Amino acid sequence: MALSGGVAMANPEPDQLNMTKGAAEWSPYGMHMVALWVCVVIGIVVFGAMFVAMFRFRKSRGAVAEKWSHSTKLEIVWTVIPVIILIFLAKLATGGLTSFADTTGSEMTIKVTGYQWKWRYDYVEYKGKPVDRVGFMSKLEESSDRTRQLKSNLDPDKIQVDGYKTYLLDVDKPLVVPVGTKIRFIIVGGDVIHSWWVPALGWKMDAIPGIANSAWTKLKEPGVYRGQCAELCGQDHGFMPIVVKAVPKAEFDQWLATQQDEAKVQQAAQTAQANPATAPQG
Amino acid sequence: MANAATHDHHDHAHHAPQGFFQRWVMSTNHKDIGTLYLIFSLTMFFIGGAFAMVIRAELFKPGMQLVQPYFFNEMTTMHALVMIFGAIMPSFVGLANWMIPLMVGAPDMALPRMNNLSFWIMPFAFTLLLGTLFMPGGGPAGGWTMYPPLSLQGESIAYVVFAVHLMGISSIMGAINIIATILNMRAPGMDLLKMPVFVWSWLITAFLLIAVMPVLAGAVTMLLTDKYFHTNFFNAAGGGDPVLYQHIFWFFGHPEVYIMILPAFGIISEIIPTFARKPIFGYRAMVFAIASIAFLSFIVWAHHMFAVGLPMGAEIFFMYATMLIAVPTGVKVFNWVSTMWGGSMTFETPMLFSIAFVILFTIGGFSGLMLALAPADFQYHDTYFVVAHFHYVLVTGAAFSIMAAAYYWLPKWSGHMYNETWGKIHFWSSVISVNVLFFPQHFLGLAGMPRRIPDYNVAFANFNMISSIGGFWFGASQLIFLGVVVHCVFFSKKKAADRSWEGAKGLEWTVPSPAPHHTFDVPPVIHDDELAHGNTDH
């Protein structure tokens, strides 16, 4: 698997200044950039006018104060122009919301449960068929966990995977998903409120006890996408990362089959343990 | 003008009571109570600032060097509670106490004994709140928003809830007093639409306070009963709903953020005309814009909750309503710029802080507009982008306006001019450091750093270090402020004129500096030309 390289910018990079396009079909990046440029242009006009005023109309240059203090025409102008800009932005944003809310046509369902302070992933359904007992906990991997202890004196820079410094952004067992597949996530909270956030997916969704939230993604390229819990959830809120490993479909099918087989073996063993009467006596 | 009465220094009723206890603890004088509020809020500003220094020190570089994660969470929670309820809000109330009677020609606040009570509740409320830090189990660590179920895991919730109740009672009494004063005690001729914008902004803010503080009290009371009396308002396992709390909290919380900025709008609208020597542009539009923002503040609360999984219809409604706020806010910014245009400007410290306010608050407004766009907020929400946004509107917005007000009215309060050189040093040091502190946080948020985390990936290291350096620098700069104020009050030899600023208009500048203990025993005769907004018809 080529996991670095082309998709490296999907994860936080040193001195990164801006949001990235991410790795999924749905992305807020376009909306963000439009809004950013609208703000920059308005800022240049308004602050420009201010600085011209501060330069031209200073007492030390002999400026004499004028008497006017009202202009209905001007006030109408700077009420109407912002309204027009806002309507344009609202139209764009409404489109983004509508497409985000549409979880129909998904080919896969994964249930995500937030716990203090780890995540659980359960594969519920894939290609219209229920998945049998594939689910696991996913928590901060050990070297980060050791390094993040108070006064551990361990170097966070030393923790690397494929040349990427993964301190606090790596787990013991990542969520494996197929690329090019519309995946529906059902997100719930097991104890307190958490929020499942992988920046490369372009959204976060709160994991709330008693409420099943849904969201979707369709990843374009294989890669490892890293994120974190985004809702304060207690002392180790900063230490429950998320890793999504996107693999080609065929590879995913194989992975899922292996997991299902393992689950069967495990289940058989558990049944045998639970009913010792039927187990062969030694 | 009726200055004869206020200039009468032989009248013993015009002197403050002699005993310290009688003067300060039993005070019913609006000026003394205003001073108490201002001293209290400055104290809280430094305590909340100390918490911020702990936060920035821990975030100086990756890895945990100083504090345990739980204590870090206590610091973020207490920093917010102390700054919001202890520093920003009481300082605006202090300014209101001092200035509203002087600005409308009233002898005192309408309800002076209640005024005393609303101040003296505050030290007890904050003793309770800050005391939790020294108790077994520690202080609140679930964030200032106190979202359940997390907040219910803390052992200090009862103390916090009681402290919030006390602060709420204090705020409501303060608000009643301000409304009663403005509506009943204006001097003849001080029509509503001739009042200073600062007075207007406080009239509207006071109504917001009365409307929402009981809502907060209700929300935290439900937390208390969920924790100790086995109710299930917010407990999903008992049929409750954790999201209900967020709706109630933010129904308080959004008007609350305008409670912290509308008086700032008022202050800036007084200072810019003074130093531009030109009346404020579009007085009526300025007042109407404040009222519109106040109204809109009640119908935008769920924009704090775009990521809780609201139905799409709700997201669209709250997004549109939030975006609408940009219109009246834009009017205010454009009108401030127009007030400057064609003026005859000088740049004393209050004006410098006001100009910085207009620019930096607008930057906070821009990020606010971006956050209003729900699809983009799915990415921005709960990141450092949000942290940068609300610190631009609260520090370079609300706090800068308070500093501007302090420099502007210190001569009137103390009777002395502050040291202009040191005031300017304080300004430049603050304005540069505050941007070093908060601007890089936009980048951190966009790159993917969540807020309220005690440690982070090494990719975020450089900007966090820059931000921390800015933080220590900004914190140290405020010691200059303390020094300038102390010097002005106790040591300055430079007497202030009654009209301390050349272009200053309004009744507060017709009384002596320092303002005598009692002013306007006889209502002043008002000449429209002497008011800042006396001639609003043209």
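Since we're looking at a predicted model, the values are computed, not measured.

The rules behind these values
- Residues numbered from 1 in each chain as written.
- Chains lettered and ligands numbered in written order.
- Predicted model: local features only at pLDDT ≥ 70, side-chain atom pairs only at ≥ 80, totals over all residues.
- Heavy atoms only, no water.
- UniProt positions renumbered as here; feature names shortened; annotations may be inferred.
- Helix = DSSP H or I, 4+ residues; strand = E, 2+ residues; numbered from the N terminus.
- Buried < 20%, exposed > 50% of the residue type's maximum accessible area, 1.4 Å probe, protein only.
- Pairing = 2+ DSSP bridges.
- Expected span 1.5 Å × (residues − 1).
- Contact = heavy atoms within 4.5 Å.
- Axes fitted to C-alpha atoms, helices over the stretch in contact; angles between N-to-C directions.
- Buried area = accessible area lost by both parts, 1.4 Å probe.
- Salt bridge = Lys/Arg side-chain N within 4 Å of Asp/Glu carboxyl O.
- Polar contact = N/O pair within 3.5 Å; in protein donor to acceptor, adjacent residues only side chain to side chain.
- Nonpolar A, V, L, I, M, F, W, Y, C, P; charged D, E, K, R; others polar.
- Parallel < 35°, antiparallel > 145°, perpendicular 65-115°, else oblique.
- Left-handed = near helix turned anticlockwise from the far one by under 90°.
- Core = buried A, V, L, I, M, F, W, Y, C linked by side-chain atoms within 4.5 Å.

### Side note on the UniProt feature "domain: Cytochrome oxidase subunit I profile" (unreviewed entry) in chain B
Piece 1. UniProt records the feature "domain: Cytochrome oxidase subunit I profile" (unreviewed entry) at residues 24-527 of chain B, using the numbering of this structure.
Piece 2. Split by type, residues 24-527 of chain B is 68% helix and 0% strand. Its first and last C-alpha atoms lie 35 Å apart.

### Some words on the pairing of strand 8 (residues 194-198) of chain A
Residue and element names in this part refer to chain A.
Piece 1. With respect to burial, strand 8 is a largely interior element, five of its five residues being buried.
Piece 2. Going residue by residue along strand 8, you find H194, W196 and V198 tucked away on one face and S195 and W197 tucked away on the opposite face as well.
Piece 3. Two elements, strand 8 and strand 9 (residues 203-207), share five bridges in a ladder whose sense is antiparallel. Its bridge partner being in strand 9, W197 is matched across the sheet by K204.
Piece 4. The loop that links strand 8 with its antiparallel partner strand 9 comprises four residues; one of these, G202, has a positive phi angle of about 85°.
Piece 5. As paired strands, strand 8 and strand 11 (residues 223-229) are joined by two bridges and run antiparallel to one another.

### Digging into helix 4 (residues 249-274) of chain A
Structural remark: α-helix, 3.6 residues per turn; residues separated by three or four positions point the same way.
Residues and elements named next belong to chain A.
Piece 1. Look at helix 4: 37 Å from first C-alpha to last across 26 residues, which is about the 38 Å you get at 1.5 Å a residue.
Piece 2. Restricting attention to buried positions, one finds in helix 4 the residues F252, W255, L256, Q259 and A263.
Piece 3. Elements that come into contact with the buried residues of helix 4 comprise strand 1 (108-115), strand 2 (118-126), strand 3 (129-138), strand 6 (175-178) and strand 12 (241-247).

### Topic: the sheet that holds strand 6 of chain A
Residue and element names in this part refer to chain A.
Piece 1. Reading across from one edge, 6-12-11-8-9 is the order of the five strands in this open sheet, with mixed pairing throughout. For this open sheet the edge positions go to strand 6 and strand 9, each flanked by a neighbour on one side alone. The sheet shows a mean angle of 25° between the axes of neighbouring strands, direction not considered.
Piece 2. With respect to the sheet, helix 4 is in contact with strand 6 and strand 12, its orientation differing from that of strand 6 by roughly 135°.

### Quick look at the interface of chain B and chain A
Piece 1. Each partner contributes to the interface: chain B provides 96 residues, whereas chain A provides 94 residues.
Piece 2. For the pair chain B and chain A, the summed buried surface comes to about 7900 Å²; carbon and sulfur atoms form 71% of the total.
Piece 3. It is B:W341, B:F378 and B:Q379 in chain B that bury the most area against chain A; as a group they hold 9% of the surface buried on that side.
Piece 4. Our enumeration of links across chain B and chain A arrives at one salt bridge.
Piece 5. Here B:E502 and A:K59 are joined by a salt bridge, their closest N and O atoms 3.0 Å apart.
Piece 6. Run the count over chain B and chain A and you get 24 residue pairs in polar contact (both at pLDDT 80 or more).
Piece 7. At the level of secondary structure, the elements contributing two or more residues to the side of chain B that touches chain A comprise helix 4 (69-104), helix 8 (242-259), helix 11 (312-324), helix 12 (326-340), helix 13 (349-372), helix 14 (374-380), helix 16 (420-447) and helix 17 (461-491) of chain B.
Piece 8. Among the elements that take part in the side of chain B that touches chain A, helix 12 of chain B stands out by supplying nine residues, more than any other.
Piece 9. Tallied by class, the residues present in the side of chain B that touches chain A amount to 61 nonpolar, 25 polar and 10 charged.

### Examining the packing of helix 10 (residues 283-296) of chain B against helix 12 of chain B
Residues and elements named next belong to chain B.
Piece 1. Packing of helix 10 against helix 12 brings their axes to within 8 Å, and their N-to-C directions diverge by 155°. In terms of axis orientation, helix 10 runs roughly antiparallel to helix 12. The crossing of helix 10 and helix 12 is left-handed. Within the contact between the two elements, helix 10 uses A285, M286, A289, I290, S292, I293 and L296 and helix 12 uses P328, T329, V331, K332, N335 and W336.
Piece 2. Of the residues contributing to the contact of helix 10 with helix 12, the split by class is nine nonpolar, three polar and one charged.

### Structural notes on the nonpolar core
Piece 1. One finds A:Y123, A:W196, A:W203 and B:F85 to be the most contacted residues of the largest nonpolar core, which totals 269 residues.
Piece 2. Counting residues per element, this core draws most heavily on helix 4 of chain B, at 22 residues.

### Considerations on the packing of helix 7 (residues 197-228) of chain B against helix 9 (residues 262-276) of chain B
Residues and elements named next belong to chain B.
Piece 1. Running from N to C, helix 7 and helix 9 point in directions that differ by 175°, and their axes come no closer than 7 Å. By the angle between their directions, the pair helix 7 and helix 9 is classed as roughly antiparallel. Every residue of helix 9 that contacts helix 7 at V197, F198, S201, W202, I204, T205 and L208 is listed here: L262, P263, G266, I267, S269 and E270.
Piece 2. Considering only residue class, the contact of helix 7 with helix 9 consists of eight nonpolar, four polar and one charged.

### Focus: the pattern of salt bridges
Piece 1. Going through the model one piece at a time under the given rule, you end up with 17 salt bridges over all chains.
Piece 2. For A:E142, the salt bridge goes to A:R146, with nearest N and O atoms at 3.6 Å. In this pair, A:E142 and A:R146 both sit in helix 3 (residues 142-147), four residues apart, roughly one turn of the helix.
Piece 3. Here A:E142 falls in the exposed class, since its relative accessible area comes to 57%.
Piece 4. With relative accessibility at 47%, the residue A:R146 sits in the partly exposed group.
Piece 5. One network of salt bridges, with partners in common, ties together A:K59, B:R277 and B:E502.

### Section: the sheet that holds strand 2 of chain A
Residue and element names in this part refer to chain A.
Piece 1. The strand order across the open sheet built from five strands is 3-2-1-7-10, with neighbouring strands paired in mixed fashion. Bordering the open sheet on either side are strand 3 and strand 10 (213-217), each of which pairs with just one other strand. Neighbour-to-neighbour, the strand axes of this sheet turn through a mean angle of 20°, independent of strand direction.
Piece 2. Where strand 1 meets strand 2, eight bridges bridge the pair, whose relative direction is antiparallel.

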